[in-house]
Amino acid sequence: MPDAVSVIASKRDGHELTSAQIDWVIDAYTRGEVADEQMAALAMAVYFRGMTRPEVSRWTHAMIASGTRLDFTHLPRPTVDKHSTGGVGDKITLPLTPLVAACGAAVPQLSGRGLGHTGGTLDKLESIPGWRADLDNAEIDRILADPAVGAVVCAAGSGLAPADKKLYALRDVTGTVESIPLIASSIMSKKIAEGTGALVLDVKVGSGAFMTDVDDARALARTMVALGTDAGVRTTALLTAMDEPLGCTAGNALEVREALDVLAGAGPPDVVELTLALAREMVAAVGLDGVDPADVLASGAAMDRWRAMIAAQGGDPDAPLPAAAHTDTVRSAGAGIVHRVDARAVGIAAWRLGAGRAVQGEQVQASAGVELHVRRGDRVAAGAPLATLHTDTPERFEAARAALADAFAVGRTEEDARPVTRPLVLERIGEAAG
Ligand code: URA
């Protein structure tokens, strides 16, 4: 029988953990037999020593085995889900889920709430009056099987990968989040337990993302694609740029409004581009050949699905979205071309305005956030509005403005007036790459 100290020492000294060691330590930690300080030491050893592919695979499966695993194989349509590693203004789940359902797949999108400067999909949808995130398994099944809906966005129940829930909270306070094997196993244990047949990963790279380096993002994507593939889930990944916010809004109701613009056939070009790129991957992953998501979006069918999906979860798709009681405008000090809009700074400003939470369980403001009036490459005059800040609590404006102090760079020389642009979709990682 393994014991915690020998497992920690083994990884500390750079050895590969055995399957028996991994199964035991994850199970014992979930039951409270391995203490937090011991798991923290092991996480730090993994952070420095890494894990081999068989170790990450076993670690992931041990975390899946710590809880329940959903099964959608009885549904009449193939299931496909998307997971994003998180970025500022990333509201893609909102238009993407009904779009892919309208293309003919069933979409079980089990999501989370935001913590820190990136928003959570559930927080965004909860700005719709009446909408409910907490569904039981029978409700999820019923909505997915309904041919007029076929899409659900809801909270991942506490029964899915409880070992990860405990370990992620511990990593958050022990400086062990940024480890590729730990991130990959954390995300994939939840996604595999969720029971989807296929999965498309949106791995963000850039100043507003977890991974600021493209090589790290590629390594993370490859590890996750391999884990999904090994578990029988058709998995592909797109590496996408997250240097500036996606679209023009960061904040819950503001992002819902922008998603509605996309479903109505308009919306910011980057949000439309990424929605369609991910939809094409998802549709291909479940073999719906010959369906072009761009045609489905243009037909209005995705908007119809959105309305059905919101109503199926108690929401009123016709109710007005909440608007903030107070707004404030950030203006450009000088004239020139905008060559940087920093995603992280915009995310922090939205969070400080009340769109996000500092600690788990805190209430968020539905209407708070940042609305951008300029994108990289736009020409602005001195005094032109760069962003509007929204909040119900105006004492937050000062801290939000401080976060944005260096967020906008307006070029005044020939050299810095030319914004550096890179494509939104940087790379595709397919199954063969695993
Ligand atoms: N998201 C997760 O679910 N887990 C991680 O480790 C990092 C991001």
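Scoring rules and cut-offs
- Residues numbered from 1 in each chain as written.
- Predicted model: local features only at pLDDT ≥ 70, side-chain atom pairs only at ≥ 80, totals over all residues.
- Heavy atoms only, no water.
- Salt bridge = Lys/Arg side-chain N within 4 Å of Asp/Glu carboxyl O.
- Helix = DSSP H or I, 4+ residues; strand = E, 2+ residues; numbered from the N terminus.
- Buried < 20%, exposed > 50% of the residue type's maximum accessible area, 1.4 Å probe, protein only.
- Pairing = 2+ DSSP bridges.
- Right-handed = clockwise from strand over helix to strand, strands pointing away.
- Axes fitted to C-alpha atoms, helices over the stretch in contact; angles between N-to-C directions.
- Parallel < 35°, antiparallel > 145°, perpendicular 65-115°, else oblique.
- Contact = heavy atoms within 4.5 Å.
- Nonpolar A, V, L, I, M, F, W, Y, C, P; charged D, E, K, R; others polar.
- Polar contact = N/O pair within 3.5 Å; in protein donor to acceptor, adjacent residues only side chain to side chain.

Student: Even after reading the chapter, I still don't get the pattern of salt bridges, so can you show me in this structure?
Tutor: Opposite charge on two side chains lets them pair, provided their charged atoms get close. This model, assessed by the stated rule, comprises 24 salt bridges. Notably, a salt bridge pairs Lys204 with Asp202, separated by 2.8 Å at the nearest N-O pair.

Student: Please clarify how unusual backbone geometry should be interpreted in this entry.
Tutor: Positive phi outside glycine occurs at Ala161, with the angle close to 45°. Residue placement: Ala161 occurs in the loop between strand 3 (151–155) and helix 8 (162–172).

Student: Got a minute to help me understand the pairing of strand 4 (residues 198–205) in this structure?
Tutor: For a regular strand, the rule is simple: side chains alternate between the two faces of the sheet. Of all eight residues that make up strand 4, eight are buried, and the element is covered over most of its length. Here strand 4 shows no split at all, with Ala198, Val200, Asp202 and Lys204 on one side and Leu199, Leu201, Val203 and Val205 on the other all buried. For strand 1 (residues 80–84) and strand 4, the ladder comprises five bridges, and the chain directions are parallel. Bridge pairing links His83 to Leu201 in strand 4. What joins strand 4 to strand 5 (residues 234–241) is helix 10 (residues 214–230), and the crossover it makes is right-handed.

Student: What is the right way to read the packing of helix 11 (residues 252–263) against helix 14 (residues 301–312) from this model?
Tutor: Helices that pack against each other are described as a pair by the angle of their axes relative to one another and the distance between those axes. It is at 8 Å that the axes of helix 11 and helix 14 come closest, and there the two elements cross at 140°. Between helix 11 and helix 14, the crossing angle belongs to the class labelled oblique. Each of Val256, Leu260 and Leu263 in helix 11 lies in contact with helix 14, whose residues at this interface are Ala302, Met303 and Trp306. A per-class count over the contact of helix 11 with helix 14 returns six nonpolar, no polar and no charged.

Student: Can you help me understand the side chain of Thr391 in this one?
Tutor: Counting through the fold element by element, Thr391 comes out in strand 11 (residues 385–391). Classification of Thr391 by relative accessible area gives buried; the value is 0%. Polar side-chain contacts of Thr391 include one of 2.7 Å to the backbone oxygen of Leu353. Here Thr391 is in contact with Ala324, Ala325, His326, Leu353, Gln365, Ala368, Arg396 and Phe397, once residues within four sequence places are set aside.

Student: Explain the sheet that holds strand 11 here, please?
Tutor: Two strands in a sheet stick together by hydrogen bonds in their backbones, pointing the same way (parallel) or opposite ways (antiparallel). Within the open sheet, the four strands sit side by side as 6-9-11-7. Their pairing is antiparallel. Edge positions in the sheet fall to strand 6 (249–250) and strand 7 (326–331), since each of these pairs with one other strand and no more. Direction of pairing for strand 6 relative to strand 9 (residues 369–372): antiparallel, over a ladder of two bridges. Bridging from a neighbouring strand, Ala250 pairs with Val370 of strand 9. Where helix 15 (residues 343–355) meets the sheet, its contacts fall on strand 6, strand 9 and strand 11, and the angle it forms with strand 9 comes to roughly 135°.

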